[in-house]
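Secondary and tertiary structure notes
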Amino acid sequence: MKLWDNYKKELKIASRGFYFYMEVITAVILLAAILLFVPVETVSVSKELLYVDGPAGTLDTMLQQNPDEAGQYVRAEDTKVRLRPMDITYFNEQTGEQFDLRFTDKKTLELETWNYYNAATGAHEKTLYIATSMDDMLRVARTEKWYATVVHIGEDGTPQYRLLLFGSESERYQNLISAVMGAGNTPALQKAMEAQPVETLGVSNVLNNRQSFMPMAVVILNGLMGMLVVISYLIIDKSSGLIRAMALTPMRTRSYLMSKVLVVLTTSLVSSIVVTVPIMGAQPNYLLFIPTAALVSIVSCMFGLWLASFFADIKSAYGMIFLMFLLLIIPAMSYILPSFAPMWIKLMPTYPMLQAVKETLLITPDVGYVLLVGGGMIVLSVLLLFVSEHRYRKLLGV
């Protein structure tokens, strides 16, 4: 009961200050930013440059008279490209010839442009730019860093394709392109690949583009910001003398520290729910998500308790707070780029926190992993609480 009474008193006092509302305000701003600027699905528009070695209007006829069931090409406004003087070395692997070209003029091209739209979703997936000469194609490809293809129309009207590479591709990729282009019938090859039967082995168990931001939002709001807030509370109490005054009362040091943690936990959970529910809806297992988010907040606050014991005022703590924030946020890079996950990042506490929160948001979570991480956070929280209590009792002389 004493802890509950202390919690209510601390909550009332904290509600009068800015730090109490900082997490919730940040959560609302973050939610608005995600809803406004992050699409549900990532739409990547590929850009291709073509030069048609054949009669004028051949490509227009091909695009208009050969409809694709998956989508269609729509004529768009011409695209302007500014070209500068440059030297280009071009090597033709078919003939073994090498051409050293020098262009000294500056000019602006207007490239015929076609947009490809998916028939099912209506999404803009591809843009084709048509060059009128081989030289223009080489210069535009060099300027814009677009992959380019030469389409040669044979005497029988069959198109043949030759892809322009930049020379920086791996040998394996070049061999793959050579094998595909050597088939001489890329459209037929693509249709054959699309016609391959695909069997779905299970329900998709991944987060969409917008949902994938939620683990980082929860860990940052619940964890790192909660740590900053609890450090601010304690350092302000130390600088104002409230902690020493508390030592003269019957209140136990542990109850005082826990009441601070519970106040921050309250705002952290509210901010996490504010961000998560509008985006995730009913998909997550909230009976698993809420305890996990709470443990993330608790262990971060316990670390904040220990860290705050080394500083007398907020100014002296700024440098260490900023450094710890940067260190603990490093695993977010591994979350964004899963291929970059060295062991030293996996050993940082925020890495399993991110993965555990992510699991609770999936349709089919790995409950065993979440419970394992949760158990680790409980043990770490208890250890940090005992260490912090010992530090504060020593500082207060009680």
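Below or above, wherever it landed, is the structure these notes cover. (Residues numbered from 1 in each chain as written. Predicted model: local features only at pLDDT ≥ 70, side-chain atom pairs only at ≥ 80, totals over all residues. Heavy atoms only, no water.)

**Some words on the overall build of the chain**
- A tally of regular secondary structure across the chain gives 15 helices and eight strands.
- Counting over 398 residues, the chain shows a buried share of 39%.
- Of the contacts made within the chain by residues no fewer than 6 positions apart, 73% connect residues no fewer than 24 positions apart.
- Carbon and sulfur atoms provide 61% of the accessible area of the chain, an area that totals close to 22700 Å². (Helix = DSSP H or I, 4+ residues; strand = E, 2+ residues; numbered from the N terminus. Buried < 20%, exposed > 50% of the residue type's maximum accessible area, 1.4 Å probe, protein only. Contact = heavy atoms within 4.5 Å. Areas by Shrake-Rupley, 256 points an atom, 1.4 Å probe, with all protein chains shown as cover.)

**Some points on a nonpolar patch on the surface**
- A cluster of nonpolar side chains, contributed by Met 333, Ile 336, Leu 337, Phe 340 and Trp 344, occupies part of the molecular surface with about 530 Å² of accessible area.
- By the element assignment, Trp 344 lies in helix H13 (residues 343-346). (Patch = residues over 30% accessible without salt bridge, like charges linked within 9 Å, V, L, I, M, F, W, Y side chains within 5 Å. Salt bridge = Lys/Arg side-chain N within 4 Å of Asp/Glu carboxyl O.)

**Some remarks on helix H2 (residues 18-37)**
- A rise of 1.5 Å per residue sets the reference length of H2, with its 20 residues, at 28 Å; its end C-alpha atoms lie 28 Å apart and thus fit the reference within 8%.
- Turning to H2, its buried residues are Phe 20, Met 22, Glu 23, Ala 27, Leu 31 and Ile 34.
- Elements that come into contact with the buried residues of H2 comprise helix H1 (2-14), helix H7 (214-240) and helix H9 (253-280). (Expected span 1.5 Å × (residues − 1).)

**Remarks on the nonpolar core**
- Formed by 61 residues in total, the largest nonpolar core has its most connected members in Met 214, Ile 231 and Leu 234.
- It is H7 that provides the largest number of residues to this core, a total of 15 residues.
- Residue contacts for Met 214: discarding those within four places in its chain leaves Ile 34, Val 275, Thr 276, Ile 279, Met 280 and Leu 361.
- Leu 83, Met 86, Met 134 and Leu 164 belong to the second largest nonpolar core, which has 21 residues in total. (Core = buried A, V, L, I, M, F, W, Y, C linked by side-chain atoms within 4.5 Å.)

**Regarding the pattern of salt bridges**
- In the structure shown here, the tally under the stated rule is eight salt bridges.
- Ionic pairing is found between Asp 136 and Lys 107, a salt bridge with its closest N-O pair at 3.1 Å. In this pair, Asp 136 is assigned in helix H4 (residues 134-144) and Lys 107 in strand E5 (residues 107-118), connecting sequence segments 29 residues apart.
- In this structure Lys 107 comes out as partly exposed when scored by relative accessible area, which is 31%.
- When the shortest N-O distance is used, the salt bridge between Lys 260 and Asp 237 registers 2.8 Å. In this pair, Lys 260 is assigned in helix H9 and Asp 237 in helix H7, connecting sequence segments 23 residues apart.
- On the accessibility criterion, Lys 260 (6% relative accessible area) is buried.
- Since its relative accessible area comes to 8%, Asp 237 is described here as buried.

**Here we look at the packing of aromatic side chains**
- Under the counting rule described, the total for this entry stands at six aromatic pairs.
- Relative to Trp 146, the ring of Tyr 129 lies with its centre 4.2 Å away and its plane at 10°, an arrangement referred to as stacked. Note that Tyr 129 is positioned in strand E6 (residues 124-131) and Trp 146 in the loop between H4 and strand E7 (147-153), a separation of 17 residues in sequence. No difference in accessibility class separates Tyr 129 from Trp 146, as the two residues are buried.
- Taking the centre distance of 5.8 Å and the plane angle of 40° together, the rings of Phe 303 and Trp 306 count as tilted. Highlighted residues: Phe 303 and Trp 306, both in helix H10 (residues 286-308), separated by three residues, approximately one helical turn.
- An aromatic cluster is present here, built from Phe 303, Trp 306 and Phe 310 joined pairwise through their rings.
- Above the face of the Tyr 116 ring, Lys 126 is positioned so that its terminal group lies 5.5 Å from the ring centre.
- For the cation-ring pair, Arg 391 lies above Phe 310, with the distance from its terminal atom to the ring centre recorded as 4.1 Å. (Phe/Tyr/Trp six-rings, centres within 6.5 Å; stacked < 30°, edge-to-face > 60°. Lys NZ or Arg CZ within 6 Å of the ring centre and 35° of its normal.)

**A word on the packing of H2 against H7**
- The contact between H2 and H7 brings their axes to 10 Å, and the two run at 160°. Here H2 is positioned roughly antiparallel relative to H7, judged by the angle of their axes. Helix-helix and strand crossings are classified by hand; for H2 and H7 the assignment is right-handed. Where H2 approaches H7, its residues Tyr 19, Phe 20, Met 22, Glu 23, Thr 26, Ala 27, Leu 30 and Ile 34 are matched on the opposing element by Met 214, Ala 217, Leu 221, Met 225, Gly 226, Val 229, Ser 232, Tyr 233 and Ile 236.
- A breakdown of the residues in the contact of H2 with H7 according to their chemical character gives 13 nonpolar, three polar and one charged. (Axes fitted to C-alpha atoms, helices over the stretch in contact; angles between N-to-C directions. Parallel < 35°, antiparallel > 145°, perpendicular 65-115°, else oblique. Left-handed = near helix turned anticlockwise from the far one by under 90°. Nonpolar A, V, L, I, M, F, W, Y, C, P; charged D, E, K, R; others polar.)

**Overview of the sheet that holds strand E8 (residues 159-164)**
- Strands sit in the order E2-E5-E6-E1-E7-E8 across an open sheet of six strands; the sheet is mixed. Bordering the open sheet on either side are strand E2 (71-83) and E8, each of which pairs with just one other strand. Across the sheet, the mean angle from the axis of one strand to that of its neighbour is 30°, orientation sign disregarded.
- Along the sheet, H4 makes contact with strand E1 (46-53), E2, E5, E6, E7 and E8, crossing E2 at roughly 80°. (Pairing = 2+ DSSP bridges.)

**A look at unusual backbone geometry**
- Its identity as a non-glycine residue notwithstanding, Lys 145 has a phi of 60°, on the positive side.
- Its location among the elements puts Lys 145 in the loop between H4 and E7.

Interpretation in functional terms is not warranted from these geometric data alone.
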